[in-house]
Amino acid sequence: MAASFRLAAVAVTCSLLLATACQGLQVGYYNKTCPRVEYIVRDEVKKFVYNNAGIGAGLIRMIFHDCFVQGCDGSVLLDPTPANPQPEKLSPPNNPSLRGFEVIDAAKDAVEKVCPGVVSCADIVAFAARDAAYFLSRFRVKIDMPAGRLDGRVSNASEALDFLPPPVFNITELVGSFAAKGLGVEDMVVLSGAHTVGRSHCSTFVPDRLAAASPSDINAGFANFLRRQCPANPNPANDPTVNQDLVTPNAFDNQYYRNVLAHKVLFTSDAALLTTQATAKMVKDNANVPGLWEGKFKKAFVKMSQIEVKTGNQGEIRKNCRVVN
């Protein structure tokens, strides 16, 4: 109960589906056991993000890809082993596109020197993603991130394919995918705004968006630009990347929603946000009302960070984020 009151005090809300998972998470979880942890992680993230903004985009994407598979438990960090040759990080949604693992390693090493065996890799992933959003938004997205997650011991590539919504999903499929994780329609629209940063491989959108029978909703000039950047048939040997947001590619801002309205987005799943009246209104509001998206993102991001977290005897605190203890 005490934890619940503390969560309420910082305005962290849990849906009914997430109530069990939220139990035990709290802002300032490490205040007594490792009081400097959040500063240590932030310093490490800052070094990497200021050197390469794309790493920040990768860290924001990493928590999404972690939480939707086995919950927010650091399972996406696990390397292949003889006993488990196909973990999540080798699944097509993650390999070779997911990046930022070296940041988590650096943060974990720095934390272990100060507080050995105290801070989970899952919490470091959450802190790092939070900090990446903070720096890329030029300090406008400041999130109170609850902690207390434990690290999972299971990581299967097949589950990443099962639970991560692919870029070809339509609005019905997107809503269902997020609902399965306790997230609502508005959460889905708001979290999609993270596509305002980062790059995507041509293979993730060319077959679906730039084929001969390409959808009429994509802006013609934008489509022609993409055709100049991408091969007609991307393959592992020839699969360049393009910015998801051409206007402010390294800024974590609401430009994504303006791009959706202008039909200048890479994925079917992005364009799908205009296919229902309700989600289209959310897109317009996020595009046009200053500060609206940033405020909504903070809440949706925290909600996502609490999906199916492991507590008690469900997990462990890994010594090395890449291997189970």
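Fair warning: this is a prediction, and the values are worked out from it, not measured in the lab.

Analysis parameters
Residues numbered from 1 in each chain as written. Predicted model: local features only at pLDDT ≥ 70, side-chain atom pairs only at ≥ 80, totals over all residues. Heavy atoms only, no water. UniProt positions renumbered as here; feature names shortened; annotations may be inferred. Helix = DSSP H or I, 4+ residues; strand = E, 2+ residues; numbered from the N terminus. Contact = heavy atoms within 4.5 Å. Salt bridge = Lys/Arg side-chain N within 4 Å of Asp/Glu carboxyl O. Buried < 20%, exposed > 50% of the residue type's maximum accessible area, 1.4 Å probe, protein only. Axes fitted to C-alpha atoms, helices over the stretch in contact; angles between N-to-C directions. Parallel < 35°, antiparallel > 145°, perpendicular 65-115°, else oblique. Left-handed = near helix turned anticlockwise from the far one by under 90°. Core = buried A, V, L, I, M, F, W, Y, C linked by side-chain atoms within 4.5 Å. Phe/Tyr/Trp six-rings, centres within 6.5 Å; stacked < 30°, edge-to-face > 60°. Lys NZ or Arg CZ within 6 Å of the ring centre and 35° of its normal. Nonpolar A, V, L, I, M, F, W, Y, C, P; charged D, E, K, R; others polar.

A. Molecular detail of the UniProt feature "binding site: heme b" (unreviewed entry) in the protein chain. When the UniProt feature table is mapped onto this chain numbering, "binding site: heme b" (unreviewed entry) sits at His-195. For His-195, the location among the structural elements is in the loop between helix H9 (185-192) and strand S1 (199-201). Residue contacts for His-195: discarding those within four places in its chain leaves Gln-244, Asp-245, Tyr-256, Phe-267 and Asp-270.

B. Region of the structure containing the pattern of salt bridges. As enumerated under the stated definition, the model contains 16 salt bridges in all. Between Arg-130 and Glu-38 there is a salt bridge, and its shortest N-O distance comes to 2.8 Å. A residue pair is termed long-range when its members are at least 10 positions apart, and Arg-130 in helix H6 (residues 121-136) and Glu-38 in helix H3 (residues 37-51) qualify at 92 residues. Arg-130 gets classed as buried once you look at its relative accessible area, which sits at 4%.

C. Representation of the packing of helix H4 (residues 53-67) against H6. H6 packs onto H4 with a crossing angle of 140° between their chain directions and a minimal axis gap of 8 Å. By the angle between their axes, H4 is oblique relative to H6. In terms of crossing hand, the pair formed by H4 and H6 is left-handed. For the pair H4 and H6, the contacting residues are Ala-53, Gly-56, Ala-57, Leu-59, Ile-60, Met-62, Ile-63 and Asp-66 in the first and Val-125, Ala-126, Ala-128, Ala-129, Ala-132, Ala-133 and Leu-136 in the second.

D. Inspection of the nonpolar core at higher detail. Among the nonpolar cores identified, the biggest contains 79 residues, and Phe-252 and Met-304 are the most heavily contacted of them. Here this core gets twelve residues from one element, more than from any other, and that element is H6. Contacts of Phe-252, omitting those with residues within four sequence positions, involve Ile-60, Ala-133, Leu-136, Ser-137, Val-141, Ala-194, Thr-196, Val-197, Trp-293 and Phe-297. With twelve residues, the next largest nonpolar core counts Ile-218, Phe-222, Val-242 and Phe-267 among its residues.

E. Representation of the packing of aromatic side chains in the model. Under the criterion given, the structure shown has 15 aromatic pairs. Note on Tyr-134 and Phe-135: the rings are 5.4 Å apart at their centroids and 65° apart in plane angle, and the pair reads as edge-to-face. Using a relative accessible area of 16% as the deciding quantity, one classes Tyr-134 as buried. Accessibility expressed as a relative area gives 9% for Phe-135, which makes it buried. On the basis of an interplanar angle of 80° and a centroid distance of 6.4 Å, the ring pair of Phe-135 and Phe-139 is categorised as edge-to-face. The structure contains a cluster of three or more aromatic residues connected by ring pairs, namely Phe-252, Tyr-256, Tyr-257, Trp-293, Phe-297 and Phe-301. Its guanidinium or amino end placed over the ring of Phe-101, Lys-89 lies 4.2 Å from that ring's centre, counting from NZ or CZ. Above the face of the Phe-163 ring, Lys-181 is positioned so that its terminal group lies 4.1 Å from the ring centre.

F. Representation of the packing of H9 against helix H15 (residues 292-304) within the structure. Orientation of H9 relative to H15, taken along the N-to-C sense of each, is 110°, at an axis distance of 9 Å. Between H9 and H15, the interaxial angle falls into the category roughly perpendicular. In the packing of H9 onto H15, the handedness of the crossing is left-handed. Together, Glu-186, Asp-187, Val-190 and Leu-191 of H9 and Trp-293, Lys-296, Phe-297, Ala-300, Phe-301, Lys-303 and Met-304 of H15 make up the contact between the two elements. A class-by-class count of the residues in the contact of H9 with H15 yields seven nonpolar, no polar and four charged.

G. Looking closely at the environment of Leu-226. By the secondary structure assignment, Leu-226 is in helix H11 (residues 220-229). Along the chain, Leu-226 and Val-49 lie 177 residues apart, while their C-alpha atoms are 26 Å from each other.

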